[in-house]
Amino acid sequence: MKKVLVLEDESSIRSFIVINLRRAGYEVVEAETGEEALEKLDHHRDTRVALLDVMLPGIDGFEVCRRIRATNPHIGIIMLTARAQEMDKVTGLMTGADDYVTKPFSPAELTARVDALMRRSGGNEANDGEIRQEPFLLNTRNRTLEKNGQRVKLTQVEYAIMKMFMENPGKALSREEILDMVWGRDYFGELKIVDVNIRRLRLKIEDNPTNPTYITTVWGYGYKWGF
Ligand code: CA
């Protein structure tokens, strides 16, 4: 089941998105307001990706994102942001979104982003097991992370970043490499998405996020999982 929720109050944009996603083989659930989106997600618990418009008449897309994330760490979330609202992208990612698409977008761009998230939220991992690096324990079977025995709630993207780091301890990874490994080679987004996701991940896993010791910065290059 490849189910996608589309939250967009402008009916012409919504139909454009819905038609293109259906053409790409997705089952689509539509919502016109944030409240309706939350209600529908409650009924369609097998929804794997949600597209959330930011500017809405009632609660805005960021608030919808926050409320979804409060109970569902696994669903993929893409924010639909207006052109030139550069800050929206960062705000959206900080509230728990995995990606953003700037309007106006092409059908190809949109379906590529949805496909990429869908692949990541698939959960069909062949290499069952655990990666243990004290104080962390990554369980690749149920895609969870524990720190000192306590569960750390991660989004799918954050999980993918942690797995990449823990599989490459001590290795300096460039931001381009991280983008390729986590988002895929066919992803055509910006490198900034790497920094924003790592900033958010640090808030969850570091003892002191302002002085990170697990995910360290390699200046002018990228990041390293190292102590
Ligand atoms: Ca709107």
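Residues numbered from 1 in each chain as written. Predicted model: local features only at pLDDT ≥ 70, side-chain atom pairs only at ≥ 80, totals over all residues. Heavy atoms only, no water.

Engineer: Sorry if this is basic, but what is going on with helix H6 (residues 156-167) here?
Structural biologist: Structurally, the α-helix is built with 3.6 residues per turn, so residues lying three or four positions apart point the same way. Its twelve residues give H6 an end-to-end C-alpha distance of 16 Å, which sits within 8% of 16 Å, the value for a rise of 1.5 Å per residue. Summarising burial for H6: eleven of the twelve residues are buried, a large majority. Residues of H6 that are buried include every one of Gln156, Val157, Glu158, Tyr159, Ala160, Ile161, Met162, Lys163, Met164, Phe165 and Met166, and no others. (Helix = DSSP H or I, 4+ residues; strand = E, 2+ residues; numbered from the N terminus. Expected span 1.5 Å × (residues − 1). Buried < 20%, exposed > 50% of the residue type's maximum accessible area, 1.4 Å probe, protein only.)

Engineer: Even after reading the chapter, I still don't get the packing of helix H1 (residues 11-23) against helix H5 (residues 107-120), so can you show me in this structure?
Structural biologist: Relative placement of two packed helices is described by the angle separating their axes and the distance separating the axes. Orientation of H1 relative to H5, taken along the N-to-C sense of each, is 65°, at an axis distance of 10 Å. Pair H1 / H5 crosses with right-handed handedness. Here H1 contributes Phe16, Ile17, Asn20 and Leu21 to the contact with H5, which in turn contributes Pro107, Leu110, Thr111 and Val114. Here the residues of the contact of H1 with H5 are counted per class, giving six nonpolar, two polar and no charged. (Axes fitted to C-alpha atoms, helices over the stretch in contact; angles between N-to-C directions. Left-handed = near helix turned anticlockwise from the far one by under 90°. Contact = heavy atoms within 4.5 Å. Nonpolar A, V, L, I, M, F, W, Y, C, P; charged D, E, K, R; others polar.)

Engineer: In this structure, what is going on with the pattern of salt bridges? I would like to understand it.
Structural biologist: Where side chains of opposite charge bring their charged atoms close, a pairing between them can arise. Evaluated as defined, the whole model comprises 21 salt bridges. As a salt-bridge pair, arginine 22 and glutamate 30 come within 4.0 Å of each other at their nearest N and O atoms. Residue classification places arginine 22 among the partly exposed residues on the basis of a relative accessible area of 46%. On the accessibility criterion, glutamate 30 (29% relative accessible area) is partly exposed. Of the charged contacts, one joins glutamate 109 and arginine 113 as a salt bridge, the two residues approaching to 3.4 Å between their closest N and O atoms. Residue glutamate 109 and its partner arginine 113 are located together in helix H5, separated by four residues, close to a single helical turn. We classify arginine 113 as buried; its relative accessible area is 6%. Shared partners join several salt bridges into a network, and the residues in it are Lys3, Glu27 and Asp46. (Salt bridge = Lys/Arg side-chain N within 4 Å of Asp/Glu carboxyl O.)

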